[in-house]
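For reference, the chains in residue letters:
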Amino acid sequence: MRAVALPFTSILLLVGALPLRPCGRGFDVADIAFGVQRCHPLKRDASLSMTGSPIFYPSTTPSAPTVSPTPPAYPSATGTPILDIPLSTSAATTSIFAPASQASLSSSSGRSKYVFAHHIVGNTFPYTLEDWVADISLAHVNGIDGFALNVGSDSWQPDRVADAYQASLQSDLDFKLFISLDMSSLSCANPDDAATLRGFITQYATHPNQFIYDTRVFVSSFSGENCAFGQASPALGWASQFTQHSDLTGQNLVYFVPSFFVDPGMFSNFTGVISGALNWNSGWPVDLTTASADSVLSTVGSNLTAPSSVVTDALSRFVGSTHTDAQYIDSLNAMAGDEKRAYMATVSPWFFTHYSPQSFNKNFIYYTDDHLYSTRWDSIIAARDDIDLVEVLTWNDYGESHYIGPIEGAQPDSQAWVDGFNHTGWLSMTKYYATAFKEGQYPQIVEDKVYMWSRPHSRDAQAPDPVGPPSNFQLTTDTLWAVAMTTAPAVVTLSTGPENSQTFCVPSGMNKLSIPIAPGGIMHATIVRDGQTIVDYQPDGFEFSDAPETYNYNAFVAVSN
């Protein structure tokens, strides 16, 4: 899948120096650095280290967090309700969330929340029915409600879609599916092409496991903003040949939530076509490139060539941002008509792709440091009143390294950077956050765990690789990232070898931690409570290198049992 970057002006809105302004109810000013205000959700029971820095308490009992005069009911590990925070794109403040009135804090839709994972059917050529059953069972047990089935133009893909629907029925898990039309692959030149798309809808509209939303057949897309199906404009093409076509009436009526890569201000052009919008690029800070980062860092006399705490702090403010979420939501709300249009946000743990000009010709990374996955989830959960659905990107996009499912099926020639790099640790983490988003409260933690991940080699390593290093690799740092999931206050120690370790005193909750890593480094973590070692985990198969054979900026992910 490709992603489309928005203009650098989005970054300037986030980092532009403006006067101090309120962060909005439920948020506080985490810091003001370089003339830039940064707002964070108020910590819940001090259970999150928002920066990943050590938390040192004078005793085993954590001190109480600072709260505002009207504090939100953020949850503790025992499950206190979350306050829903509305979004705003007001240009008057660098805070993503504007101060909210009591009225705007109430539920805006009363709809149930859902979490889906994007499953690329194009990577499932060798799948059997049993493979689909296994994927569905694994996703379900980790808090995912269904799959968005990304379908392309291969002649064999309809058979795999049929297997997926049959497997979902056979699983008896009420696991839902919907079609996500990959318009970067499917043709949309004439009305016959639209008939092919409608066929996917009419075939499964009444299937027991088809996802129905507001009484209609839910369908999405990747791209398609330029598809006219032989009509005068894309809006007319989608309306006359798809959403308002006579084939898609009655039980086949669709609820269309596409990912159109257009300025959200243009959503009104698609009135009568879209029932909502999927914000594909919200899963990563896609605007952050080496050029834009150096522009930001130049204002504080720094640059990417010499990583430091100044650089890390400046870049970390882009992780978990909800700026584009607010743009989408405001634009959907501004569309004509009384319909409440759904907003679907995305969350993703990683991004690295390494194809040569002779193949897919894409070789770049997005910035995924600073606990992107868990931080983005926290932002989504804090704003859940305005976010109807979440799509995890992805279950199996191996080529772009953002898979959370097992490595199976047919890889798109990505074995060089995928084989041996299991990401199911992030899948395990998903259940905690998906549950919080859907239920409105963080679940109680009943088992101590530690999640760890790192790249396999140093940022500036040289490899005899004709493809060359990926664009934007300079954004990253040589770091071992970790999240310690703790049932009660504990002492967590991270180490990458006998000469490099750091100890953190943490409260109960999801604690975001990190330490530097150097060539020869390993992953090792312990959780100790009351003098007893609860977790002692060092995964096999990982050693940080400075002499790789090929460039690999994928992540090695591990989780303790």
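Residues numbered from 1 in each chain as written. Predicted model: local features only at pLDDT ≥ 70, side-chain atom pairs only at ≥ 80, totals over all residues. Heavy atoms only, no water.

I would appreciate a short explanation of the overall build of the protein chain in the present structure.
Of regular secondary structure, the protein chain possesses eleven helices and 21 strands. Taken across its 561 residues, the protein chain has 59% of its residues classed as buried. For the protein chain, long-range pairs separated by at least 24 residues make up 74% of all intrachain contacts whose partners lie at least 6 apart in sequence. Entry remark: accessible area of the protein chain is about 20800 Å², with carbon and sulfur atoms responsible for 51%. (Helix = DSSP H or I, 4+ residues; strand = E, 2+ residues; numbered from the N terminus. Buried < 20%, exposed > 50% of the residue type's maximum accessible area, 1.4 Å probe, protein only. Contact = heavy atoms within 4.5 Å. Areas by Shrake-Rupley, 256 points an atom, 1.4 Å probe, with all protein chains shown as cover.)

It is not clear to me how the pairing of strand 5 (residues 176–182) should be interpreted in this structure. Could you clarify?
A regular strand places its side chains on the two faces of the sheet in alternate fashion. Across the seven residues that make up strand 5, a large majority, seven, are buried. Burial along strand 5 is two-sided: the face carrying K176, F178, S180 and D182 and the face carrying L177, I179 and L181 are both buried. By the bridge criterion, six bridges tie strand 4 (residues 146–151) to strand 5 in an arrangement that is parallel. Each bridged residue has a counterpart across the sheet, and for G146 the counterpart in strand 5 is K176. (Pairing = 2+ DSSP bridges.)

Please clarify how the confidence of the model for the protein chain should be interpreted in this entry.
When pLDDT drops low, the exact placement of atoms in the prediction is not to be read closely. In this model, the protein chain carries a mean pLDDT of 84, and residues with pLDDT of at least 70 account for 80%. Predicted confidence for residues 2–108 stays below pLDDT 50, and this span has 243 contacts to residues more than four positions away or in other chains. (pLDDT = per-residue confidence, 0-100.)

Explanation requested: helix 8 (residues 323–333) in the structure shown.
Three- or four-residue spacings in an α-helix give side chains the same orientation, since the helix completes a turn every 3.6 residues. Of all eleven residues in helix 8, eight are buried; the element is thus mostly enclosed. Of all the positions in helix 8, only H323, T324, D325, A326, Y328, I329, S331 and L332 are classed as buried.

Just to check I follow, could you spell out the sheet that holds strand 16 (residues 490–497) for this structure?
Spatial strand order, 17-16-19-20: four strands in an open sheet with antiparallel pairing. Of all the strands in the sheet, just strand 17 (500–506) and strand 20 (532–537) have a single pairing partner and so form its edges. Taken over all neighbouring pairs, the strand axes of this sheet differ in orientation by 15° on average, direction set aside. Judged from the seven bridges that link them, strand 16 and strand 17 form a sheet pairing that is antiparallel. (Axes fitted to C-alpha atoms, helices over the stretch in contact; angles between N-to-C directions.)

Explain the pattern of salt bridges to me, please; I cannot follow it from the model alone.
Side chains carrying opposite charge are able to pair once their charged atoms draw close together. Summed over all chains, the structure comprises 15 salt bridges. Of the charged contacts, one joins D378 and K512 as a salt bridge, the two residues approaching to 2.9 Å between their closest N and O atoms. One end of the pair, D378, is in helix 9 (residues 372–382); the other, K512, is in strand 18 (residues 509–516), with 134 residues separating them in the sequence. You can call D378 buried: its relative accessible area is 6%. The network of salt bridges with common partners includes R111, D214, K340 and D388. (Salt bridge = Lys/Arg side-chain N within 4 Å of Asp/Glu carboxyl O.)

Explain the pairing of strand 13 (residues 389–392) here, please?
Here strand 13 shows no split at all, with L389 and E391 on one side and V390 and V392 on the other all buried. Summarising the sheet, strand 3 (residues 114–120) and strand 13 pair through four bridges and their orientation is parallel. Among the inter-strand pairings, Y114 is bridged to a residue of strand 13, identified as L389. Strand direction decides the pairing type here: strand 10 (residues 342–347) and strand 13, joined by four bridges, are parallel.

Explain the environment of E225 here, please?
Tracing the backbone through its elements, the reader meets E225 in the loop between strand 7 (216–222) and helix 5 (234–243). Looking at E225, the relative accessible area reads 9%, which means it is buried. Sequence separation between E225 and W238 is 13 residues, and the spatial gap between their C-alpha atoms is 9.3 Å. One polar contact links E225 to S223, side chain to side chain, over a distance of 3.2 Å. At 3.2 Å, the side chain of E225 and the backbone nitrogen of F261 are in polar contact. (Polar contact = N/O pair within 3.5 Å; in protein donor to acceptor, adjacent residues only side chain to side chain.)

Looking at this model, I keep getting lost on the sheet that holds strand 21 (residues 556–559). Mind explaining?
Picture the strands of a sheet paired through backbone hydrogen bonds; they go either parallel or antiparallel. Spatial strand order, 18-15-14-21: four strands in an open sheet with antiparallel pairing. The open sheet has two edge strands with one neighbour each: strand 18 and strand 21. Averaged over all pairs of adjacent strands, the angle between their axes in this sheet comes to 15°, without regard to strand direction. Note that strand 14 (residues 449–454) and strand 15 (residues 479–486) share five bridges and pair antiparallel. Bridging from a neighbouring strand, K449 pairs with M485 of strand 15.

When you look at the packing of helix 4 (residues 191–204) against helix 5 in this model, what are you seeing that I'm missing?
When two helices pack together, their arrangement is given by the angle between the helix axes and by the axis-to-axis distance. At a minimum axis distance of 9 Å, the contact between helix 4 and helix 5 shows a crossing angle of 50°. Judged on the interaxial angle alone, helix 5 and helix 4 are oblique. Seen along the crossing, helix 4 lies across helix 5 with a hand that is right-handed. Facing helix 4, whose interface residues are P191, A194, L197, R198 and I201, helix 5 presents W238, Q241 and F242. (Parallel < 35°, antiparallel > 145°, perpendicular 65-115°, else oblique. Left-handed = near helix turned anticlockwise from the far one by under 90°.)

I'm lost on the environment of K431 in this one. Help?
Mapped onto the elements, K431 comes out in helix 11 (residues 424–439). Distance from K431 to H140, taken between C-alpha atoms, is 9.1 Å for residues 291 residues apart in sequence. Each residue touching K431, except ones within four places of it in the same chain, is listed here: V141, N142 and G143. Polar side-chain contacts of K431 include one of 3.5 Å to the backbone oxygen of V141.

What's the story with the side chain of D135 in this structure? I'm lost.
Looking at where D135 falls in the secondary structure, it is placed in helix 2 (residues 129–141). The buried charged residue D135 lacks any salt bridge, with R160 as its nearest oppositely charged partner at 11 Å. With near-sequence residues (within four places) excluded, D135 lies in contact with H119, Y127, F147, W395 and E408. (Lys, Arg positive; Asp, Glu negative; His and termini not counted.)

Help me understand helix 9 in this model?
Most of helix 9 is tucked away: eleven of the eleven residues are buried. Along helix 9, the positions that sit buried rather than exposed are L372, Y373, S374, T375, R376, W377, D378, S379, I380, I381 and A382.

It is not clear to me how unusual backbone geometry should be interpreted in this structure. Could you clarify?
Across the chain, the bulk of peptide bonds are trans and the bulk of non-glycine residues have phi less than zero. In this structure, T394 follows L393 across a cis peptide bond, with omega equal to 0°. The residue T394 is located in the loop between strand 13 and helix 10 (415–418) in this model. Phi is positive for D214, close to 50°, though the residue is something other than glycine. Given a relative accessible area of 37%, D214 falls into the partly exposed group. The backbone of F229 sits at a positive phi, close to 50°, despite the residue not being glycine.

When you look at the packing of aromatic side chains in this model, what are you seeing that I'm missing?
Under the counting rule described, the total for this entry stands at 47 aromatic pairs. Centroid distance W238 to F242: 5.4 Å. Interplanar angle 85°. Geometry classified as edge-to-face. Taken as a pair, W238 and F242 lie in helix 5 at a separation of four residues, close to a single helical turn. Relative accessible area serves as the criterion here: at 0%, W238 is assigned to the buried category. Overall, the relative accessible area of 0% leaves F242 in the buried class. Ring geometry for W426 against W453: centres 5.8 Å apart, planes inclined by 65°, an arrangement best described as edge-to-face. Separated by 27 residues along the polypeptide, W426 in helix 11 and W453 in strand 14 bring together distant segments of the chain. Residue W426 shares its accessibility class with W453, and that shared class is buried. Taken together through their ring pairs, the aromatic side chains of Y114, F116, F178, F211, Y213, F218 and Y255 make up a single cluster. The side chain of R160 reaches across the aromatic face of F125, ending 5.7 Å from its centre. (Phe/Tyr/Trp six-rings, centres within 6.5 Å; stacked < 30°, edge-to-face > 60°. Lys NZ or Arg CZ within 6 Å of the ring centre and 35° of its normal.)

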